[in-house]
Amino acid sequence: KTHKQRPPLPPLPPLTLLLTMLSSLRAWSNQPTNGLRDLSLAQLKVAFILLIAHFGNVFEPSYPRNDNHAPNMFWFVNGLLGIAAWWSWSWKASGAGRGGGAGTPRVVILGREQTEEWKGWMQWAFIFYHYYRVYYVYNEIRVFVSAYVWMTGFGNFLYFDKKADFSVERFISMILRINYFPLLLSYFLTVPLELYYVVPLHTTGFVMTMISCYVGYSFERKLGWSYWKSRTAAVVVSLLAHVLFYETAAVNFLLLFSKEYHLRFQIDKYSAWMGMACGLLWGKVGEYMQWAHGFENERRRRNATIAQFLGGAFLIWIWYYFFGFISDKHVYNPVHPYVFIFPIVGWLMIRNCSRYLTECHSSVLEFLGRNTLETYVLQFHLFMSHNVQYIPVIIPGADAKGPVTLKFLNMLLCGTVFVTMAVWARKNTVTTQSCVVDLVKHLRGTMDTSVVPLSSQSAGQRRQQQPEVATEEEVVELTKMESGTSDDP
């Protein structure tokens, strides 16, 4: 009697899933770059940086930071930065160059170099605001902090609107980039996360922007709305959500986490949203800049330069005359969320008031801007110590009553270690980010696929409306600020 051989049963779904995951893990771990080897080495280096941060945070001798009140030194080091910015100032023509190529080269505002430059000098200012305890520039530093949060909404809106990349990989990539190193510092140094309050502030700003952009994208794709109707509706819905949370008793939900978060989130409650709204209008700004600063009309270019400069200066003056001069921060803070946009727009108008200025940047400031997340969190433990409350004394005699020259040399020595560790921390954080994202792509089977584009009509509209600005790496870097104690901005 012959029997037919029964075909083998397919593997059970859990077993299939397990085998697929093991295969993906093997493929990822064998990658020559961004694989298991790179991830492991990065973690060893991060562990060493955490060890250095721990020793720096408990370093003795030290003296209270409040004894380092030195406004003249604050302005002196900012003057040194100005000299370095002038020395490293460079110009590079946009596009095909002046008068060359097919048509007039496009005017690019807030490109990668200029954005990093902006972040760089703001970072320098508020780190030394902490170091030298210059209380009377609190309101200006508060604007700088909000400018960073504004960039979170602005940069991420432009990214999502252009790429339509709402993938798991993108979400994990950004969450890792913003939170990975700060969370490790908080845990291993037993520091309250409130010290790095801007990290959750930027994280929520990113998530809010991603959700808002997805809503707008869905309005366009599923309801057939036009680009402007769908995006405007999404921005309005986001605003309503902000108002319902921050302008009602719902905001007290933040007290479940801490009073610090309750305070900080309210001070910057509309910063990321305003950045997103500006991102929506950025295409129109680009069209204006092309019209005003193209090569077609020299007189129009001159007039536009003068008008932008004066208009920007007027906006900054409006902020300072009515709000910026307020010396009591408890009086200023409640109005800040509604008025900080004036100096930000004013600065951007001045910084881009001519085609030449849009094509120039300082490489020194750009370098500082590339490392702002790491300099933000490490300033508390390496440039200063004991969670930003003390000044470490490495050079004997450079204490609170020491001579200015010795204290300055001590600051330079601490600053060298601080910046070196920050640059190294950024490099290894980015490596970790890339490795984990590649692992997720392997597990999800998306390693060699690209983001599904929008319809050709929408893509064409988007290309016309959006000038090139911050790319992925720059958007990732729109995340840094200053001190997390309530005595500081």
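For clarity, every value in this text was computed on a predicted model and none was experimentally measured. (Residues numbered from 1 in each chain as written. Predicted model: local features only at pLDDT ≥ 70, side-chain atom pairs only at ≥ 80, totals over all residues. Heavy atoms only, no water.)

Caption draft 1: Main features of the overall build of the protein chain. Broken down by element type, the protein chain carries 20 helices and four strands. Per-residue burial for the protein chain yields a buried fraction of 53% across its 489 residues. Expressed as a percentage of contacts within the protein chain between residues at least 6 apart in sequence, the contacts between residues at least 24 apart total 83%. Counting only carbon and sulfur atoms, one obtains 67% of the accessible surface of the protein chain, whose full area is about 23300 Å². (Helix = DSSP H or I, 4+ residues; strand = E, 2+ residues; numbered from the N terminus. Buried < 20%, exposed > 50% of the residue type's maximum accessible area, 1.4 Å probe, protein only. Contact = heavy atoms within 4.5 Å. Areas by Shrake-Rupley, 256 points an atom, 1.4 Å probe, with all protein chains shown as cover.)

Caption draft 2: Spotlight on the packing of helix α5 (residues 138–163) against helix α11 (residues 298–324). Relative to each other, α5 and α11 sit at 125°, their axes nearing to 11 Å. Classified by the angle their axes make, α5 and α11 are oblique. Regarding α5 and α11, the two cross each other, and that crossing is right-handed. Facing Asn-139, Glu-140 and Val-143 of α5, the residues of α11 in contact are Trp-319, Tyr-320, Phe-323 and Gly-324. Among the residues making up the contact of α5 with α11, the classes are represented as four nonpolar, two polar and one charged. (Axes fitted to C-alpha atoms, helices over the stretch in contact; angles between N-to-C directions. Parallel < 35°, antiparallel > 145°, perpendicular 65-115°, else oblique. Left-handed = near helix turned anticlockwise from the far one by under 90°. Nonpolar A, V, L, I, M, F, W, Y, C, P; charged D, E, K, R; others polar.)

Caption draft 3: Spotlight on the packing of aromatic side chains. According to the stated counting rule, one finds 40 aromatic pairs in the structure shown. Here the guanidinium or amino end of Arg-170 rests over the ring plane of Tyr-159, the centre of that ring lying 3.7 Å away. The cationic tip of Arg-170 hangs over the ring face of Phe-160; the distance from NZ or CZ to the ring centre is 5.9 Å. (Phe/Tyr/Trp six-rings, centres within 6.5 Å; stacked < 30°, edge-to-face > 60°. Lys NZ or Arg CZ within 6 Å of the ring centre and 35° of its normal.)

Caption draft 4: Representation of the confidence of the model for the protein chain within the structure. Per-chain confidence: the protein chain averages 88 in pLDDT, with 87% of residues scoring 70 or above. This stretch, residues 96–102, has a pLDDT under 50; its non-local contacts, to residues over four places away or in other chains, come to eleven contacts. (pLDDT = per-residue confidence, 0-100.)

Caption draft 5: Representation of the side chain of Ser-385 within the structure. Its location among the elements puts Ser-385 in the loop between α17 (372–383) and β4 (390–392). For Ser-385, the residues in contact, after removing those within four places along its chain, are Gly-56, Asn-57, Phe-59, Ser-62, Phe-380, Tyr-390, Ile-391 and Pro-392.

Caption draft 6: Just the packing of helix α6 (residues 168–188) against helix α7 (residues 198–223), in detail. The interhelical angle for the contact between α6 and α7, taken along N-to-C directions, is 170°, at an axis separation of 10 Å. Between α6 and α7, the crossing angle belongs to the class labelled roughly antiparallel. Judged by residue contacts, Arg-170, Phe-171, Met-174, Ile-175, Ile-178, Asn-179 and Pro-182 of α6 engage Val-199, His-202, Thr-203, Phe-206, Val-207 and Met-210 from α7.

Caption draft 7: Looking closely at unusual backbone geometry. Going from Glu-60 to Pro-61, the amide bond is cis rather than trans, its omega being 10°. By the element assignment, Pro-61 lies in the loop between α2 (36–57) and β1 (62–64). Although it is not a glycine, Thr-190 adopts a positive phi angle of roughly 50°. Tracing the sequence through the fold places Thr-190 in the loop between α6 and α7. The phi angle at Asn-387 is positive, at roughly 60°, despite the residue not being glycine. Inspection of the secondary structure puts Asn-387 in the loop between α17 and β4.

Caption draft 8: Geometry of α11. Taking 1.5 Å as the rise per residue, α11 with 27 residues should run 39 Å; its terminal C-alpha atoms sit 37 Å apart, in good agreement. For α11, the full list of buried residues reads Arg-301, Ala-304, Gln-308, Gly-312, Leu-315, Ile-318, Trp-319 and Gly-324. In this structure, the buried side of α11 is in contact with α5, α10 (271–293), α12 (329–332), α13 (336–339), α14 (341–351) and α15 (355–358). The backbone nitrogen of Arg-299 has a side-chain oxygen 3.1 Å away, supplied by the residue at the start of α11, namely Asn-297. (Expected span 1.5 Å × (residues − 1). Polar contact = N/O pair within 3.5 Å; in protein donor to acceptor, adjacent residues only side chain to side chain.)

Caption draft 9: Just α5, in detail. Over its 26 residues, α5 runs 38 Å from end to end, which matches the ideal 38 Å to within 8%, given 1.5 Å per residue. Counting buried positions along α5 gives 23 out of 26 residues, so the element sits mostly inside the fold. Trailing α5 by a residue or two, Ala-164 shows a phi angle of about 55°, which is positive.

Caption draft 10: A look at the nonpolar core. Counting residues in each nonpolar core, the largest one holds 104 residues, and the members touching the most others are Tyr-132, Trp-150 and Leu-378. Top contributing element to this core by residue count: α5, with 15 residues. Once residues within four sequence positions are removed from consideration, Leu-378 is found in contact with Ala-53, Phe-181, Leu-185, Phe-383, Phe-418, Met-421, Ala-422 and Ala-425. (Core = buried A, V, L, I, M, F, W, Y, C linked by side-chain atoms within 4.5 Å.)

Caption draft 11: Focus on a nonpolar patch on the surface. Taken together, the side chains of Leu-15, Leu-17, Leu-18, Leu-19, Met-21, Leu-22, Leu-25 and Leu-443 make up a nonpolar region of the molecular surface, amounting to roughly 690 Å² of accessible area. Looking at the nonpolar patch element by element, the count peaks at seven residues for helix α1 (residues 13–29). Structurally, Leu-25 can be placed in helix α1. Relative accessible area serves as the criterion here: at 35%, Leu-25 is assigned to the partly exposed category. (Patch = residues over 30% accessible without salt bridge, like charges linked within 9 Å, V, L, I, M, F, W, Y side chains within 5 Å. Salt bridge = Lys/Arg side-chain N within 4 Å of Asp/Glu carboxyl O.)

Caption draft 12: Highlighting the pattern of salt bridges. Within this structure, the stated rule accounts for 14 salt bridges. A salt bridge links Glu-298 to Arg-301, with the shortest nitrogen-to-oxygen separation between them at 3.1 Å. With Glu-298 and Arg-301 both in helix α11 and three residues apart, the pair spans about one turn of that helix. Among the residues examined, Glu-298 registers a relative accessible area of 45% and is labelled partly exposed. Accessibility expressed as a relative area gives 18% for Arg-301, which makes it buried. Within this structure, Asp-161, Glu-220 and Arg-231 form a network of salt bridges that share partners.

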